[in-house]
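Chain residues, written in single-letter form:
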Amino acid sequence: MQDTLRITEVFYSLQGETRTAGLPTVFVRLTGCPLRCQYCDSAYAFSGGTVRTLDDILEQVAGYKPRYVCVTGGEPLAQPNAIPLLKQLCDAGYEVSLETSGALDISAVDPRVSRVVDLKTPDSKESHRNRYENIELLTANDQVKFVICSRDDYEWANSKLIQYGLDRRAGEVLFSPSHHDLNARDLADWVVADNLPVRLQLQLHKYLWNDEPGR
Ligand SMILES: C[S@@+](CC[C@H](N)C(=O)[O-])C[C@H]1O[C@@H](n2cnc3c(N)ncnc32)[C@H](O)[C@@H]1O
Ligand SMILES: Nc1nc2[nH]cc(C(=O)O)c2c(=O)[nH]1
Ligand code: SF4
Ligand SMILES: [Mg+2]
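Counting from 1, residues in each chain are numbered in the order their sequence is written. Here chains are named by letter from A upward and ligands by number from 1 upward, in the order in which they appear as written. For a predicted model such as this one, the threshold for reporting local features is a pLDDT of at least 70, and the threshold for listing and counting side-chain atom pairs is 80 or more; totals across whole chains, interfaces and linings nevertheless cover every residue. Each side-chain value is derived from all of the structure's non-hydrogen atoms; neither hydrogens nor water enter the calculation.

**Focus: the pattern of salt bridges**
Proximity of charged atoms lets side chains of opposite charge pair with each other. As a reminder, the rule being used: Salt bridge criterion: a side-chain nitrogen from Lys or Arg within 4 Å of a carboxyl oxygen from Asp or Glu. Relative accessibility thresholds used throughout: buried, under 20% of the residue-type maximum; exposed, over 50%; partly exposed, between the two (1.4 Å probe, protein chains only).
Applying the stated criterion across every chain yields a total of twelve salt bridges. Asp 110 is paired through a salt bridge with Arg 112; the nearest N and O atoms lie 2.8 Å apart. Exposure remark for Arg 112: the relative accessible area of 42% places this residue in the partly exposed category. The network of salt bridges with shared partners includes Lys 87, Asp 91, Asp 110 and Arg 112.

**Thoughts on the environment of Thr 20**
Our working definition: To qualify as a helix, a DSSP run of H or I must reach at least 4 residues; to qualify as a strand, a run of E must reach at least 2; elements of each kind are numbered from the N terminus. Pairs of residues are marked as contacts when any of their non-hydrogen atoms sit within 4.5 Å.
Among the structural elements, Thr 20 can be located in the loop between strand 1 (4-14) and strand 2 (24-30). On the accessibility criterion, Thr 20 (15% relative accessible area) is buried. Residues Thr 20 and Tyr 68, spaced 48 residues apart in sequence, show a C-alpha to C-alpha distance of 8.5 Å. Those residues within four positions of Thr 20 in sequence are excluded, and the remaining contacts are Gln 15 and Tyr 68.

**Some words on the confidence of the model for the protein**
Going by this rule: The predictor reports its confidence for every residue as pLDDT, a score running from 0 up to 100.
In the predicted model, the protein carries a mean pLDDT of 97, and the fraction of residues at 70 or more is 100%. The least confident element of the protein is helix 6 (residues 204-209), whose mean pLDDT is 94; the most confident is strand 4 (residues 68-72), at 99. Scored as a complex, the prediction yields pTM 0.98 and ipTM 0.98.

**Digging into the site of ligand 2**
Stated precisely, the cut-off is as follows: Note on definitions. A residue lies near a molecule or strand when any single heavy atom of the residue is within 4 Å of it. Definition of a polar contact: a pair of N or O atoms within 3.5 Å, with one able to donate and the other able to accept a hydrogen when the atoms are protein atoms, and with sequence-neighbouring residues admitted only if both atoms are side-chain atoms. Only the protein chains shown count as covering a residue, and every accessible area follows the Shrake-Rupley method with a 1.4 Å probe. Classes in brief: Ala, Val, Leu, Ile, Met, Phe, Trp, Tyr, Cys and Pro nonpolar; Asp, Glu, Lys and Arg charged; the others, Gly included, polar.
What surrounds ligand 2 is the set Ser 13, Leu 14, Gln 15, Gly 16, Glu 17, Phe 27, Arg 29, Ser 42, Thr 72, Glu 99, His 205 and Arg 215. In the model, a nitrogen atom of ligand 2 is placed 2.6 Å from a nitrogen or oxygen of the Gln 15 side chain. Measuring from a nitrogen atom of ligand 2, one finds a backbone N or O atom of Gly 16 at 3.0 Å. For ligand 2, the protein covers 93% of the area, taking 320 Å² as the surface of the free molecule. Along the lines of polarity and charge, the residues of the shell around ligand 2 split into two nonpolar, six polar and four charged.

Given below as structure tokens:
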């Protein structure tokens, strides 16, 4: 039996988030997630999908001739074969990122991968799932992200930023307004007023394509 993964979609678009926002990127979206963030914009990936071999996925990715590949979900690390997929994508020469909830152990991820680790805020309703051991593993190649729903979430994120010195551990600290919950302008004003060492993160694909799957 060949190694397989359950996959919701593979598509080529512009990266809407993180430090490579705006760059053409292939997305590999893995099916299934053990969390239920209140705001999740990818709930269509919780179930369904197609079981595919790693070779089949790698062949489709190669067909786009990309420089950047983003593995997302669902929660990619909930499937053990995400680890060999990430390694094989790096071996093939792509610049690879992984979007992960921060609830699962990130230690086995290939160090060439830029791990984008969410710290789930209280208003996500999943903050009890945060695996704080992951923070010690972060390097300058990684990114930490807070999806912020309210002023209370913002203050919580700010306290974690200070407590863990996140701007010194990770290459990027991203503050993203939860789409539909918080006005981006309010978050922008708070970040400037408090002179925070973070990057405001808007989801470019929602401005361009209004949250359609596969974009
Ligand atoms: C859909 S998740 C998939 C990867 C992984 N499960 C995670 O949560 O990081 C990808 C990214 O989208 C973010 N996201 C999901 N819903 C969002 C929303 N309504 N507004 C802003 N970001 C959102 C997540 O927090 C995460 O950073
Ligand atoms: N264009 C585009 N960029 C993205 N960056 C992260 C995404 C995600 O759903 O994880 C995403 C997505 O769904 N589309
Ligand atoms: S962990 Fe990611 S995929 Fe899972 S519910 Fe939260 S935002 Fe959605
Ligand atoms: Mg999305």
